Amino acid sequence: SIYKDSILSFIKKNKALTLGVNRMTGSIDPAYHLWTNRKRWGKYGSCVNNDSKLILGPSITSKHAKKHYGGEYDRIDYVDKKGTPFEFKGEQICGYFRTAGVLAIALAHVMGAKNIFIVGMDGYTFHDKKALKRKKANHHCYGSGYTDDASWDDCIKKDNIVYDNLKTLYNSGIKFNILTPTVFDKFYENKMEI
């Protein structure tokens, strides 16, 4: 990542506790590592560092967890359903998140984070359609070009859903900033030295 040095410097300077999602370990090994998608876990779960505290969603069974990880891990209980307002009741996080990244913001809040800063949440349509088609850019850190199984129009719809979900979290009192360039510009505030 072109922002790796800036991200690492920001983490060190602010003594930040990190929560990573999916295969993001090319940049850092997070203190907490969240996985909710069984397919992605199956393909990329071997990247989890033993020093990270692993958190798995309900779709990743114990059998699937053991494919890549032999240690102890925590479970996250959540409801991800359209129209569900954000709330934390008992041990369950409820809301409409659409992505593990949005869920991670809610989780960080529930874990007591007062200042939530996000890196790498650029959006499916951050790079234009041509750059993705020519594999000059990519949706995710899983490859190059179209690394999501959706059409361009579907990616626009996904970004709109994520944007709405971010606004819902923000309006519910969870304050956060995205530090790296993003399509979700309402939440972009570069507080790093890039």
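Described in the following lines is the structure provided in the data block.

Calculation rules
Every chain is numbered independently, its residues counted from 1 as its sequence is written. Confidence filtering applies because this is a predicted model: local features only for residues at pLDDT of at least 70, side-chain atom pairs given and counted only at 80 or more, and all residues used for totals across whole chains, interfaces and linings. Based on all heavy atoms of the structure, the side-chain values leave hydrogens and waters out of the count. Pairing between strands is defined by DSSP: at least two bridges between the two strands are required. Put simply, DSSP marks the helices as runs of H or I at least four residues long and the strands as runs of E at least two long, and each gets a number from the N terminus on. Interaxial angle, 0 to 180 degrees, is taken between N-to-C directions of lines fitted to C-alpha atoms, where a helix line uses only the stretch in contact. Throughout, a residue-residue contact means that at least one pair of heavy atoms, one from each residue, lies within 4.5 Å. Stacked, edge-to-face and tilted labels apply to pairs of Phe, Tyr and Trp rings (six-membered ring for Trp) whose centres lie within 6.5 Å, assigned for plane angles under 30 degrees, over 60, and everything in between, in that order. Relative accessibility under 20% of the residue-type maximum defines a buried residue, over 50% an exposed one, and the middle range a partly exposed one, all with a 1.4 Å probe and only protein chains included.

One open sheet accounts for three strands, arranged 5-7-6; its pairing is mixed. Because the sheet does not close on itself, it has two edges, and the strands there are strand 5 (77–80) and strand 6 (87–89). In this sheet, neighbouring strand axes are inclined to one another by 20 degrees on average, regardless of whether the strands run parallel or antiparallel. The sheet strands contacting helix 4 (residues 100–110) are strand 5, strand 6 and strand 7 (92–95), and the helix crosses strand 7 at an angle near 135 degrees.

Right, let's talk about the packing of aromatic side chains for a bit. For the structure on display, the rule yields seven aromatic pairs. With a centroid separation of 5.3 Å and 75 degrees between ring planes, the pair formed by F10 and F117 is classed as edge-to-face. Residue F10 is found in helix 1 (residues 4–14), and its partner F117 is found in strand 8 (residues 116–118); the two are separated by 107 residues along the sequence. F117 sits in the partly exposed class, given a relative accessible area of 32%. Seen in terms of ring centroids, W35 and W41 are 5.3 Å apart; in terms of plane orientation they differ by 80 degrees. Their pairing is edge-to-face. In terms of burial, W35 and W41 fall into one category: buried. Among the aromatic residues, those joined into a ring-pair cluster are Y163, Y170, F176, F184 and F187.

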